[in-house]
Every structure is written in structure tokens, then in C-alpha cells.
Amino acid sequence: MDFKIEVNNNLISVHEGETLLSALWRNGFKVPTLCHMNHFSPTGACRLCAVEVEGKRDLITSCSYPVEKNMKVKTNSPRVIKARKALVELLLSNHPDDCLYCQRNGNCELQWLAEEMNVKERKFFGEKNPDYPDHSSTSVFRDPGKCVLCSRCVRMCEEVQKVTAIDFISRANQTKVNSAFHKGLNVSSCINCGQCIMVCPTAALLDISHIEKVQAALDSGKKEVLFFISPSTAASVAEQVGIKSQQDIAGIINAALKKCGADKVFNLGFACDINVLEESAILNDHMAKNLAMPLLSSCCPAWVQYVEEFRPEWLPFLAPSKSPQQIMGTLLKTHYSEKQKLNPAGVFSVAVMPCVGKKFEASREEMTRQGISGVDAVLTVRELFRFLRTFGIDLKSLAPLQVDEPFEKASAAAWKMGYSGGKAEAVALELYKMNNKGSQDGFKFSVSKNLAGKKETKIKSGKQQFGFAWTSGIEEADSYLQQIIEDNRTDIHYVEVMGCPGGCAGGGGQPISRNPEKPKNRKRLCQEMEKNAHFLSAGENLAVMDLYMGKDAAPGSEKTGEWYHTHFRKREVLK
Ligand code: SF4
Ligand code: SF4
Ligand code: FES
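Calculation rules
- Residues numbered from 1 in each chain as written.
- Chains lettered and ligands numbered in written order.
- Predicted model: local features only at pLDDT ≥ 70, side-chain atom pairs only at ≥ 80, totals over all residues.
- Helix = DSSP H or I, 4+ residues; strand = E, 2+ residues; numbered from the N terminus.
- Rg over C-alpha atoms; globule rule 2.2 N^0.38 Å.
- Buried ≥ 20, exposed ≤ 12 C-beta atoms within 10 Å, placed from the backbone.
- Contact = placed C-beta atoms within 7 Å.
- Pairing = 2+ DSSP bridges.
- Axes fitted to C-alpha atoms, helices over the stretch in contact; angles between N-to-C directions.
- Near = placed C-beta within 6 Å.
- Nonpolar A, V, L, I, M, F, W, Y, C, P; charged D, E, K, R; others polar.
- Core = buried A, V, L, I, M, F, W, Y, C linked by C-beta atoms within 7 Å.
- Domains from an automatic or database assignment.
- Parallel < 35°, antiparallel > 145°, perpendicular 65-115°, else oblique.
- Left-handed = near helix turned anticlockwise from the far one by under 90°.

Novice: What should I look at first to understand the overall build of the protein chain in this one?
Specialist: Check the secondary structure of the protein chain and you find 19 helices and 20 strands. Scaling as 2.2 N^0.38, a compact globule of 575 residues should have a C-alpha radius of gyration of about 25 Å, and the protein chain matches this with 25 Å. Each principal axis of the C-alpha distribution contributes one length, and for the protein chain these read about 80 × 60 × 50 Å. Split into buried and exposed, the 575 residues of the protein chain put 47% on the buried side. Within the protein chain, contacts between residues separated by at least 24 positions form 74% of all contacts whose residues are at least 6 apart in sequence.

Structure follows, in C-alpha cells:
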């Protein structure tokens, strides 16, 4: 039921049961927040959302207070403004004064708050956080000195990712965020998803940067520097720069990277097609031989690491296929190097991805052959922008340059891998074709939901019926899988799991923004771009099929196993 309340002498309509903050925001009254996160229970930790309510002695925190009939609210009374300003001044009291050199300069919520509150000087001088920055992780950098204790990372890690690699320690003015036993993130249970980076308002959490090693490889003059760009990266670039989805975005990124000195720029979509073909062949095999079911996708490194650390009993369910990134890395250091008469040790391969966990994946021991890594550096989308800025490149002004052969073309499946549910559809299509004499006529993949609201669908091929499901965010994936195991369900044959909410469109390496619409927009862009893909399905990618034929092999075959397959193992970490 709706009713009216008074805000700054205006009557606004509110929904019974909603918080005052939600009502204020919906009606265009901007109230600052720091600890608040949409869809999370309020903690009242920062108090920046304080407002004055007639009849209440103290200011109330609007993010945790429900609307009440006859309420009269002042969002910007002198008392409110004074209180908010004092809170920001306190936050700044122990914050380093290095905005000029800070990576979040210009995209820092603390800076915005200080500017909004008209803070002109450091009023209080607090004791600086004595903890050292933590560089130990392959993917995530922590600088405790910049932490404002908003708790957003802690809640993300615990409630959405079910990991709790970081938590509050000590009390009162000694309170800090840290990993288990004050050890580095590298030995913690962190799965490198990067979701904590996405919600941190300051530079307390960042990528472990690979820009410097890419730059060094380019400057060396001795390395053949080969970039490959994931389709979802192209979608994010289109979104960020405002390039139209009909334009050749991969071609524009290629032109930009060539200006930076790249020798070749390839389309990672090529390896996405291989990954889809491999997983559908493995699924077919699991069904034919009655092996572990449902088959779980394994292209998301955070999800794989979660299984290795928290659910080793599920390892037999993980598809033993390499991710597209690692397939491409392997191809560059083997097949491509051989054809181009290059020494693999002189090839430097750079993946550009929407994911920080890919840095961890590239560093895995299993991804190295004779001491040579398949992938030498991984730039997140955020790093790509920073890298291009150092060269003064304006993406909008560049004419596209066709992505380099032989890995230039990809099917719609590659774009589908950019969002939750897309890969399940691409694998389902290949399985359907396998059971339908290679034809995709009659294939239908309609989204339905089971009783718990989880996304599942059934496809029919001849007399057979296959069940597919998809889930994103680790907590959601874990609870869904536990449920289907408990219920002994045999009707679900394949589950696509993406560690980040919404899939790679919401990946931990994407540009940081508080706008919840961004991942949905990136998904929409991927869906638009898949309409212009070179092929409809992964199996139609002729160059991919040529590679199989060159080895006299079919998808899923042992003959291409050294290129396309890997193994996963139980991982002991501090919890
Ligand atoms: S990267 Fe993911 S798992 Fe690691 S601390 Fe951040 S949210 Fe937690
Ligand atoms: S590290 Fe960032 S997100 Fe986490 S509590 Fe500190 S400021 Fe908040
Ligand atoms: S946003 Fe309301 S207390 Fe922090």
C-alpha cells in the first residue's frame, strides 16, 4: 500500500515497508551513502545517509529505517549537513593524501563525498593504519591504508560469494579488514573473483597490475607480443566509449593496440568456440558412459577455484576442458609458434578479459608447458583503458582494422559466453546437433524457472530430452547444486556456473561503477553483437574445424587433449 510523506516540504508517495532511503532515492532526493548496497541488508555502519525526522531526537539512518505514515523529513537541514561533513572529515583523518597518484582518482566515492560536503582541509589527524599493502595475490591487491571500513567487500565476499576470505578483525578504533590470520590473500581462501574490488568505494582493493610487464615486453624489441580480446571485453569497450554495437569494435581495439606496438591482435571468440565444442562433446560422453552428472562448466576460474577449495567432492563433475583463455594461450605457444617459426619462449601472449581471476588462472602450474606459460599477462578491461590512456589513444577516433588471422572469426557462441545462461545455450545447441545429424532445425532454448526460481530448461532431440541449468554468483551456484544433489535429480545434465553475478557481464575486471544497470546493458550489447557473428554455432567455425582435422581428431578427442584439456585438484588454503 502506498501513502504520502513530507520531504523538504514536498509530498512524496512511498511504498509501505520500504526503507526511507529507497523512497527518497526513487523520488529524486539524493542522500549520500557509503556502506549501503542494493539487495543487501543494511548495517548502519557509516551513518552518512542520516536525515532529520520531525519528532525524533537523534538523526536517523535512512538506509535502515522504514517509511512511516505522517513522517516529515529534512534531508539537508543544517544539522544533517554538519553531521555528514564531520563523518567525512573523520574518514579523511587517517586517509593517505595521495589522490594525485591514486588509481581511483576521479572514480573514488571518498573524493566525491569530500567534494559534495565541501571539505576544504584536513580537520582531524588520526593515526594511520599500520598494516602493509598486500601484494601477495595473483589477482587482487589490498591497501588497508585506504580502507574506510564500509564493509561492502566483506559482505560481498561472504553473502554473494560464500567465501569469507576477508573479514573484520579487532574492535572499536582498532577495527580493520584483513584476511585469515593476517596472512596474505595468496594463502587465504580467496577465489580471485574480484567482486570485492567492484564494490570497494576507494583504492583499498585493486587489480594486481600486469600493465608494466606488457609494457616491458613491448619495449624489449625481442618479443613477439600477441594480444587476444574476449568478446565481452569488446562489449564493455563499446559501452564505456559509446561505440555503436554494429561497428567492428574488435577491429577498433585492434587498431588501438597496434598503435601501442602489438604485433598481432586475435579474437578470443575463436577459442570460445573450441571450448563450447569440447564441453558439449564431454557432456555427450558423460551421458553415453554414465559418468558424473550434471557436468559443470569450468571456464570461470573463480568457480573452479571455489570447487577446488570448498567442494573437492564435486571435482569429478567439472568439465576437464581448458578455458578459452588457456586454449588460446596454448595454441599461440604451440601450433601458432610452430607455423610462424617462432620460438615459444620469445612469444609474449596477453589476454584482455573482464575478469581478474584470469590472472590466477594464467599462473596455474597446469597451464605451463616445459616451463613456458600459455598466457604471460592478463589485462582486465579496467587495465586496458589505463594502458591505452598512457598512449593517448582515443578509441572513438580510430578506424577499425581487421583482427589478425588465423584466429579472427568466431560464432554467436562466443558472444553468448559473455553473460549468464549464454554458454548453456551454446553447449545445448552443439549437443542437439550431435543428436540430430548435425542439423540445428527445431532447436529451441527457452528460459524457464524451477520452483526455487533457478533458471533451467529442457531441450528435446529425437526421443531424448536434456536438462540445462545456469547460475551465477558462488552462493547461488553452491545452493542450487546442493539442492539438485540432495533431490537426486537426474533430469539436469549440464550446469553453467559463472562466479560473478550475471556472468562475465558483471565480471570482477569490468569498469567500476555503482550503476546496477551496467551488467544488464553489457549483456544486451553481447546479444546485439551475436546477431552479426561470423557463424551461428561454434561447430560452423571452419578454421576451428580445420584445427581438429589437422590432428585427425574430433571435439573431445584425446588427440587434441594436450591443447584443450586440463585437470583440477583439491586445494588446501587457510580458512
Ligand atoms: S576476490 Fe572474491 S573471494 Fe577474494 S576476497 Fe575478493 S570477493 Fe572474496
Ligand atoms: S576494503 Fe574497500 S570495500 Fe572493504 S571495507 Fe575497506 S573501503 Fe570498504
Ligand atoms: S548508508 Fe546508511 S548507514 Fe551507511
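Novice: Is there a simple way to explain the sheet that holds strand E16 (residues 377-380) in this structure?
Specialist: Backbone hydrogen bonds hold the strands of a sheet together, and the pairing may be parallel or antiparallel. Pairing is parallel in the open sheet, where four strands are placed in the order E11-E10-E13-E16. Lying at the two open borders of the sheet, with one neighbouring strand each, are strand E11 (264-267) and E16. Sheet twist, expressed as the average angle between the axes of neighbouring strands with direction ignored, equals 25 degrees. Along the sheet face, helix H8 (residues 249-259) touches strand E10 (224-229) and E11 and points at about 160 degrees away from the line of E11. Running at roughly 90 degrees to E16, helix H13 (residues 381-390) makes contact with strand E13 (347-353) and E16 of the sheet.

Novice: What is the right way to look at the site of ligand 2 in this model?
Specialist: Contacts to ligand 2 come from 14 residues, most closely from Cys147, Cys150, Cys153, Cys200 and Ala204. Counted by class, the shell around ligand 2 contains 11 nonpolar, two polar and one charged residues.

Novice: Please clarify how the site of ligand 1 should be interpreted in this entry.
Specialist: Lining the immediate surroundings of ligand 1 are 14 residues, of which Cys157, Ala165, Cys190, Cys193 and Cys196 lie closest. For the shell around ligand 1, the secondary structure elements donating two or more residues are helix H4 (152-160) and helix H5 (195-199). In the shell around ligand 1, the residues fall into 10 nonpolar, four polar and no charged.

Novice: Even after reading the chapter, I still don't get unusual backbone geometry, so can you show me in this structure?
Specialist: Glycine aside, the phi torsion of most residues is negative, and most peptide linkages are trans. Of note, the bond from Met293 into Pro294 is cis; its omega dihedral lies within 30 degrees of zero at 0 degrees. Mapped onto the elements of the fold, Pro294 is located in the loop between helix H9 (269-288) and strand E12 (295-296). Of note, the amide linkage connecting Glu405 to Pro406 takes the cis form, showing an omega dihedral of 5 degrees. Phi angles above zero are rare outside glycine, and Lys341 is one such case at about 55 degrees. Note on placement: Lys341 falls in the loop between helix H11 (324-339) and E13. Here Lys341 falls in the exposed class, since 6 other C-beta atoms lie within 10 Å of it.

Novice: Looking at this structure, I do not really get the nonpolar core. What am I missing?
Specialist: Considering soluble globular proteins, one finds that nonpolar side chains tend to be buried as a cluster. Formed by 159 residues in total, the largest nonpolar core has its most connected members in Cys196, Trp303 and Val350. Broken down by element, the residue count for this core peaks at nine residues, all from H9. Two domains each provide a minimum of three residues to this core, namely domain 1 (2-76) and domain 2 (214-564). Once you skip the residues sitting within four places of it in the chain, Trp303 turns out to touch Ile474, Ala477, Val497, Met498 and Gly499.

Novice: I'm lost on the packing of helix H7 (residues 231-241) against helix H17 (residues 518-530) in this one. Help?
Specialist: A pair of packed helices can be characterised by two numbers: the angle between their axes and the separation between those axes. Running from amino to carboxyl end, H7 crosses H17 at an angle of 115 degrees, the nearest separation of the two axes being 9 Å. Put simply, H7 runs roughly perpendicular to H17. The two elements H7 and H17 meet at a crossing, and its hand is right-handed. In this structure, H7 uses Pro231, Ser232, Ala235, Ser236, Ala238 and Glu239 to contact H17, whose residues at the interface are Asn521, Arg522, Leu525, Cys526 and Met529. A per-class count over the contact of H7 with H17 returns six nonpolar, three polar and two charged.

Novice: Where do I start with the pairing of E13 in this structure?
Specialist: Here is the key point about a regular strand: its side chains alternate between the two faces of the sheet. For E13, the tally of buried residues reaches seven of seven residues, placing the bulk of the element in the interior. Here E13 shows no split at all, with Val347, Ser349, Ala351 and Met353 on one side and Phe348, Val350 and Val352 on the other all buried. Note that E10 and E13 share six bridges and pair parallel. Note on E13: the bridge partner recorded for Phe228 is Ala351.

Novice: Help me understand the domain arrangement of the protein chain, please; the structure alone is not making it clear to me.
Specialist: Often, the extent of an interface is quoted as the loss of accessible area on bringing the components together. Here the protein chain is partitioned into domain 1 (2-76) and domain 2 (214-564). Placing the centre of domain 1 and that of domain 2 at their C-alpha centroids yields a distance of 43 Å.

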